[in-house]
Amino acid sequence: MNSSYKNFLLVILTCLVIFSCKQEKKSETSPEIEQKAATAVLARTRYTIGDSISIGFSQPVAQFQVMWNGTIVSGAKQVSDSVIIKAVSEKTGWKQLIVNGTTKSNETFADTLSVELLSDISPKEMTYSVLSSFPHQKTSFTEGLEFYKGELYESTGENGKSLLLKIDLKTGATIKSVPLADQYFGEGLTIFNDKIYQLTWTTGVGFRYNMDFTLDKTFTYYTQGWGMTHTDSSIIMGDGSNKLYYFNAEFQKTGELEVYDNKGPVLKINELEYVDGYVFANIWETDKIIQIDLATGKVVGSMDMKNIIPGEVDQTGSSVLNGIAYQPFENAFYITGKNWPTLFKIKVSGAAKKNSKTIALK
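Residues numbered from 1 in each chain as written. Predicted model: local features only at pLDDT ≥ 70, side-chain atom pairs only at ≥ 80, totals over all residues. Heavy atoms only, no water.

Caption draft 1: Seen up close, the environment of L267. Of note, L267 is situated in the loop between β23 (253-258) and β24 (269-275). Sequence separation between L267 and W284 is 17 residues, and the spatial gap between their C-alpha atoms is 8.7 Å. (Helix = DSSP H or I, 4+ residues; strand = E, 2+ residues; numbered from the N terminus.)

Written as structure tokens, this is what we have:
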């Protein structure tokens, strides 16, 4: 390599080093972009449906517009340094407020705020009477229970013990069963369009069977699997939160619903049963069954089941109430729990009813 070429390379390298140092110095001294403070603010985020929501301003505002859940609020008026709007919504849960406009210093602003809406009704107390009882296998850690064409199906949990079962109602004996692999903890089940769907707890894997219990397909979901039921058009699943999720027959998510009572979000929603526009649900680790209006997300009814728990059940352990199935031609529910020796047939009184047939919202 000749000396002139070496000198050329040296010049190039020197320039690169100088450029790099300047860039590094520039990045070290450049000020960070400051987050602009919100102009529209809320003193609190939790309200009850029908409440007045006060939106405050951090500086004087010349003009503004409020959008509530995607719709412009007409007639929103400023009172002193705030704006009052009504929390009008059919459904409970988180809603979006967008406030935009111009300040008196001629600055534009657009702020997105979130509001959590609780139910505006108190759940009605439901009662029940026991019509009869049947044997239930104490080895069954019940996670799902459902009637289909008059026959009883059950899903059980625990790793290494999980099963899909078809049960003889009168004797409690197993007519047919399929075990799950040891890594799966069986959860809720439902039968939709002549297919049996079974969830697992934390693996994100579910199974769809033909009615002869042969495996049709596996499917996945991205939350925990707890309870499951269905309407005429959708599968409904819970994950232990206050949300119910809607799926189609291929287990593709089509929607969700947030469940609230008048005190806040209702958590630990477990085994589910759909009846005429409502979902009846066990609340895990309690003796309570609630009634959820699928049109609104509101808990409209609550039922204390502690008096039905068999005396031999250890209530300090995991043998909690969990299993609810409905027989429409009897207008009766069948109730059991994890490792309970008994399945109870009950009649429920005081439950909310629709004035006409309801199609559940997706």
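Continuing now.
Caption draft 2: A look at the pattern of salt bridges. Evaluation of the coordinates by the stated rule reveals 17 salt bridges. Salt-bridge contacts for E116 lead to R46; the nearest nitrogen and oxygen are separated by 3.1 Å. Here E116 is found in strand β9 (residues 108-118), whereas its partner R46 is found in strand β2 (residues 46-48), with 70 residues between them in sequence. By relative accessible area, which is 36% here, R46 ends up partly exposed. In this structure, the salt-bridge partner of K345 is E330, at a minimum N-O distance of 3.0 Å. (Salt bridge = Lys/Arg side-chain N within 4 Å of Asp/Glu carboxyl O. Buried < 20%, exposed > 50% of the residue type's maximum accessible area, 1.4 Å probe, protein only.)

Caption draft 3: Geometry of the nonpolar core. Among the nonpolar cores identified, the biggest contains 20 residues, and F280, I289, M305, F333, I335 and I346 are the most heavily contacted of them. Elements with a contribution of two residues or more to this core: β25 (278-283), β27 (299-304), β28 (321-327), β29 (332-337) and β30 (342-349). Leave out the neighbours within four places in its chain, and M305 touches Y128, D287, I289, L321, I335 and I346. (Core = buried A, V, L, I, M, F, W, Y, C linked by side-chain atoms within 4.5 Å. Contact = heavy atoms within 4.5 Å.)

Caption draft 4: Region of interest: the packing of aromatic side chains. Taken as a whole and judged by the stated rule, the model has 18 aromatic pairs. Ring centres of F57 and F109 lie 6.3 Å apart, and the angle between their planes is 65°; on these two criteria the pair is classed as edge-to-face. Within this pair, whereas F57 is found in strand β3 (residues 52-57), its partner F109 is found in strand β9, the two being separated by 52 residues in sequence. Pair check on accessibility: F57 and F109 agree, each one buried. Between Y326 and F333, the ring centres sit 4.8 Å apart and the planes meet at 50°, which makes this aromatic pair tilted. Site record: aromatic cluster; members linked through ring pairs are Y197, F219, Y221, F247 and F251. The positively charged end of K176 is found above the aromatic ring belonging to F213, 5.6 Å away from the centroid. Above the ring of Y278, the side-chain terminus of K354 is found at 4.7 Å from the ring centroid. (Phe/Tyr/Trp six-rings, centres within 6.5 Å; stacked < 30°, edge-to-face > 60°. Lys NZ or Arg CZ within 6 Å of the ring centre and 35° of its normal.)

Caption draft 5: Region of the structure containing the pairing of β29. Burial analysis of β29 places six of its six residues in the buried class, the great majority of the element. The alternating pattern of β29 places A332, Y334 and T336 and F333, I335 and G337 on opposite faces, both of which are buried. In the sheet, β28 pairs with β29 via five bridges, with the strands oriented antiparallel. For Y326, the partnering residue across the bridge sits in β29 and is F333. Between the end of β28 and the start of β29, which pair antiparallel, lie four residues, with N331 showing a positive phi angle near 50°. Linkage of β29 to β30, two consecutive antiparallel strands, is achieved through a turn of four residues, within which N339 is found at a positive phi near 60°. (Pairing = 2+ DSSP bridges.)

Caption draft 6: Just empty space enclosed by the protein, in detail. Enumeration over the complete set of coordinates arrives at one cavity of 30 Å³ or more. Of the volumes computed, that of the largest cavity is approximately 30 Å³. For the largest cavity, the full set of lining residues is P135, H136, L152, E154, I167, D168, L169, G172 and L343. (1 Å grid on protein atoms, 1.4 Å probe; cavity = no way out; pocket = protein on both sides within 12 Å on 5 of 7 lines; lining within 4 Å. Points joined across faces, edges and corners; volume = space filled by probe spheres on them.)

Caption draft 7: Molecular detail of the sheet that holds strand β22 (residues 243-247). Spatially, β20-β21-β22-β23 is the arrangement adopted by the four strands of the open sheet, whose pairing is antiparallel. Strands at the two margins of the open sheet, each flanked by one partner only, are β20 (228-230) and β23. Strand-to-strand, the axes of this sheet are offset by a mean angle of 25°, without reference to chain direction. Both β20 and strand β21 (residues 235-238) contribute to a ladder of three bridges, which runs antiparallel. Paired with T229 across the strands is I236, a residue of β21. (Axes fitted to C-alpha atoms, helices over the stretch in contact; angles between N-to-C directions.)

Caption draft 8: Molecular detail of the sheet that holds β25. Across the sheet, which stays open at both edges, the five strands sit in the order β10-β27-β26-β25-β24 with mixed pairing between neighbours. The strands lining the two open edges of the sheet, one partner per strand, are β10 (124-125) and β24. Strand direction decides the pairing type here: β25 and strand β26 (residues 288-293), joined by five bridges, are antiparallel. Looking at β26, one finds that Y278 is bridged to D293.

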